[in-house]
Amino acid sequence: MLHRLLVSLVDSSRRNALAVVLGGVLLAAFSAWFAMNHLGVSTDTDLMFKASLPWRQQAMEMNKDFPQFGGLLVAVVDARIPEEADATAAALTAKLAADHDHFLTVRRPDASPYFDKEGLLFLDQKQLGNLMNQTIDAQPFLGQLVADPTARGLFAALSLLGMGVTHGGVDLTPYLNPIKGFHQAIADAVAGHPQPLSWQALLGGGLSDLAGKYRFVLVQPKQDFGALEPGGEATQVMRDDIANLEFVKAGTARVRITGQVALADEEFATVAQGAVEGLVGSVVLITLWLFLAVRTWRLIVPILMTLGLGLMLTVLFAAAAIGTLNLVSVGFGVLFVGIAVDFAIQFSVRYRERRYEAGDLPEALRQTAAQAGLQIMVAAVATACGFLAFVPTAFSGVAELGLIAGFGMLIAFVCTLGFLPAAIALFRPAGEGREIGFAWAEPLDPLVATHRRPILAVFAGLAVLALAVSPRLAFDSDPLHTKNPNTEAMRTLADLANDPLTNPYTIDILAPNVSAAAALATRLQALPTVDGTIEAANFVPQDQPAKLALIADANSILAATLAPRDGAAPITPDQIRFAAKTALAQIDPALAKLPPDHPLAAVAVDLHKLETAPDSVLMATNAALIRFLPDQLDHLRTALGAEPVTFDALPPDVTHDWLLPDGRARIQVNPTPAARTSNGLHEFVRQVTEVAPDAGGSAVTIAATSNTIVGAFRSAAIYAVCAITLILFVALHRVKLVALVLAPLLLSALLTLLVVVLLPLPLNFANIIALPLLLGVGVSFNIYFVMNWHAGRRNPLHSATARAIVFSALTTGTAFSSLALSGHPGTASMGELLLISLGCTLLASLVFIPSLLAGLRPPEQP
């Protein structure tokens, strides 16, 4: 009865060809219009997983409590000297904060008045003592600079050093680094390349090292999730502002942009890069394969029209059933074309075979429906079940993809039998003059039958080998490894990941209160994979009494020296020359008592050059020497005024990232370098969550995402195999036939596993999506051959079915190859895995199945 229904459908389509084609065109146009008005795409990665997942709820709760960490663009500033980095970060912050059209919040977490004042207390006691002694020793030098913070004052201070060597045998060892700095700054200015001197490095001791080499500006941009790059407009505005910063233009500071928003936007841009060229190339090759398969444009055009109608109807279903696609489900079109083209090619090639035998077009279409219609229907339903098996999983991205692609397969079947015959009848291809199968493959069928035992033995050996190496199959759970490592955001993140202070693979824990946070931090620090923890209490310096005493002693000596004075008179070039000459009068006599290569001798050479230098060089030298001096003197005065710090006195700009209004306290757990690997990261998360089960943060999210995805595909694979098996039983009625379809499907899966392990090609968040396609394509090819065999047709390799399968695989493989050539590592790995699985499926279909069937007697027809 089902055969008669399918034949009636095809025959009715042929008899009403013009109406059917026009109706299809109108329906496709309506689908396109409806989709344009009702189908959207969201690039929000939070939509990829069900919100009911425990780790998603934990992440959402953390984002709610600390919204300042979400949706960030992070400007990472580094420069030749710390002052230039600070000035660049400050200028960028001021510019962005004034732009309320593009930015929601702008802040610098590393710029707090609290650290300016209390920063010395975070040095260890020995380091602090040495710094205070050095600062006290430099008191006469500092006095000259405070009184006259210009090159004139600096040269006067240098003359004191020369005088001390000449008359008092002063040890210049504590001054060696500052003298070298002065020499380099003056020499650069005289050479025409003036660069500001770092007084922070000369006078700040280890404080600049505590802050690290990077300065950060954290920006929450306004995003448009309907755009391919939601933060693209804000990022471009940010880049324009960066390009106009003083030290960026001078080439001495660098500002790079990273963060969640930049990483996501760059990934979308990378995926899109070359997509048009790849699409054009794929269309050209697909058209070539279709021509080789069906030999005439009068069949190629109907096939393409059928694919177009099916795709538009699938888009219509997506718009009506889903509404908004996510970053995974948006790829349903590739899956649809990759598999639906097989149905159209099968029908068209089998039509050519029937046309050669029957001669008459209507009769050929009826016979094609009778012989291939049920096969295509079973293949479509089985493939649909393979996709629909993902719907119940927690991986929303693939669940939506499975729903759309699953119904798309059913739509493709209806279009193949309901629209394609009408299009063929309308275009009226000429009759066939020769057999349609591969003539060159005719000797292969008996050859395979003769050598079936060795062939099957080889496949059995490969299957056993695949099972043996299966424990080595790796899953790379780091989503960063699927991104292009050469983008600015990824290169910047890689630099930060190598720095313990900025490693992104951290865990966040909320403790009930500060005391509980301190106790938990102590337990966590004992774990082998934990490098350290940060919590609010860490911002209260240790050993304060002893450190404050050292600072107070130094301040009592230096306070009068550092006290601000009235502004010095503006300096002129003549005054700089005179100051250089005066300094040389004291330095030149001192050189006789110093080694020839002493830095002070180099300074003397520089000062002699300044005596005859043009006015512009003298003023540039002055600017380079004292550009950051007043700021550093202010910092020094502030730091020497350090006061006792209690936890309750911590300012809000410090506690904001660590304490909640209800008293809960955040702990940040930093991993050891071993956590940079996938296994190391999972072990880090395991150890920490055993102590703190409610832990969250990036490391927990990465590990949980990995487990969710792997679990989703494991469950879906089980559902799919069960559903496909049930459908095959309903359609084929015999255990043997079902086993003959599933055996090569299992073999192709094992061969794919073997290849990816031996290459190696680890599974990741991107390429794992290729696995459902393996089920879809594999089960289709197998069904065609097994049902032909069951119907009594021999010589599978010489048949029109083999021709259709080969060109269907070539067509699908062409689409996949464009993915494999992508500059985006995740997309490329997906294309590679698709090509591998397709090749293994084709090998199982064209070699294993004929060998297997050659030794079996087909069962009697029911």
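Owing to the predicted nature of the structure, the values given are computational and were not obtained by experimental measurement.

J.: If you had to explain the environment of leucine 493 to someone new, which residues and values would you point to?
T.: Counting through the fold element by element, leucine 493 comes out in helix 23 (residues 488–497). Among the residues examined, leucine 493 registers a relative accessible area of 11% and is labelled buried. Taking the C-alpha atoms as reference points, leucine 493 and alanine 460, separated by 33 residues in sequence, lie 46 Å from one another. Those residues in contact with leucine 493 that sit more than four places away from it in its chain are Thr258, Leu263, Leu480 and Pro504.

J.: Break down the nonpolar core for me, citing the residues and quoting the values.
T.: Counting residues in hydrophobic clusters, the biggest one holds 142 residues, and the most contacted among them are Phe343, Phe395 and Ile783. The residues touching isoleucine 783, leaving out its near neighbours within four places in the chain, are Gln375, Val378, Ala379, Ala382, Leu728 and Val741.

J.: An account of the sheet that holds strand 3 (residues 103–107) is requested, with residue identities and associated values reported.
T.: The sheet built from four strands is open, its strands ordered 3-4-2-5 with antiparallel pairing. In the strand order of this sheet, the two ends are held by strand 3 and strand 5 (253–258), each with one partner. Taking the axes of each pair of neighbouring strands and ignoring which way they run, one obtains an average angle of 20° across the sheet. With five bridges connecting them, strand 2 (residues 73–79) and strand 4 (residues 215–221) associate as antiparallel partners. Looking across to strand 4, one finds that valine 76 is bridged to phenylalanine 216. With respect to the sheet, helix 4 (residues 82–97) is in contact with strand 2, strand 3, strand 4 and strand 5, its orientation differing from that of strand 4 by roughly 15°. In the packing of helix 23 onto the sheet, the strands contacted are strand 2, strand 4 and strand 5, and the crossing angle to strand 5 comes to about 105°.

J.: Any details on the sheet that holds strand 9 (residues 665–671)? Residues and values, ideally.
T.: With respect to topology, three strands assemble into an open sheet ordered 7-9-8, the strand pairing being antiparallel. Lying at the two open borders of the sheet, with one neighbouring strand each, are strand 7 (507–511) and strand 8 (530–534). Across the sheet, the mean angle from the axis of one strand to that of its neighbour is 25°, orientation sign disregarded.

J.: Please set out the packing of aromatic side chains residue by residue, giving values where relevant.
T.: This model, assessed by the stated rule, comprises 19 aromatic pairs. Aromatic pair phenylalanine 317 and phenylalanine 407: ring centres 4.6 Å apart, planes at 25°, arrangement stacked. Here phenylalanine 407 lies in helix 19 (residues 396–418) and phenylalanine 317 lies in helix 16 (residues 297–321), a separation of 90 residues in the sequence. Here phenylalanine 407 falls in the partly exposed class, since its relative accessible area comes to 33%. Between phenylalanine 390 and phenylalanine 713 the ring centres are 5.1 Å apart and the planes differ by 70°, which places this aromatic pair in the edge-to-face class. Here the residue phenylalanine 390 occupies a position in the loop between helix 18 (361–388) and helix 19, and phenylalanine 713 occupies one in helix 32 (residues 698–732), the gap between them amounting to 323 residues. Of the two residues, phenylalanine 390 and phenylalanine 713, both sit in the buried class. Feature note: the residues Phe49, Trp55, Phe390, Phe395 and Phe713 constitute an aromatic cluster, connected by ring pairs. The ring centre of phenylalanine 66 lies 5.6 Å from the NZ or CZ of arginine 666, which sits over that ring. Between arginine 666 and the ring centre of tryptophan 658, over which it is positioned, the NZ or CZ distance is 4.0 Å.

Rules used throughout
Counting restarts for each chain, with residues numbered from 1 along the sequence as it is written. Thresholds applied to this predicted model are a pLDDT of at least 70 for local features of residues and 80 or more for the giving and counting of side-chain atom pairs; totals over whole chains, interfaces and linings are not thresholded and use all residues. Only hydrogens and water are removed before side-chain values are computed, so all heavy atoms of the structure are retained for them. A run of H or I in DSSP counts as a helix once it spans at least four residues, and a run of E counts as a strand once it spans at least two, with each numbered from the N terminus. Here the term buried applies to any residue with accessible area under 20% of the maximum for its type, exposed to any over 50%, and partly exposed to those in between, with areas from a 1.4 Å probe on protein chains only. We call two residues in contact whenever any of their non-hydrogen atoms come within 4.5 Å of each other. As used in this record, nonpolar core signifies buried Ala, Val, Leu, Ile, Met, Phe, Trp, Tyr and Cys residues forming a set joined through side-chain atoms within 4.5 Å. Two strands qualify as a pair provided DSSP detects at least 2 bridges between them. Angles shown run from 0 to 180 degrees and are taken between the N-to-C directions of axes, each axis being a line fitted to C-alpha atoms and, for helices, limited to the stretch in contact. Between 30 and 60 degrees the pair is tilted, below 30 it is stacked and above 60 it is edge-to-face, where a pair is any two Phe, Tyr or Trp rings, Trp via its six-membered ring, whose centres lie within 6.5 Å. Ring-over charges, as used throughout, are those where CZ of Arg or NZ of Lys falls within 6 Å of the ring centre and within 35 degrees of the ring normal.

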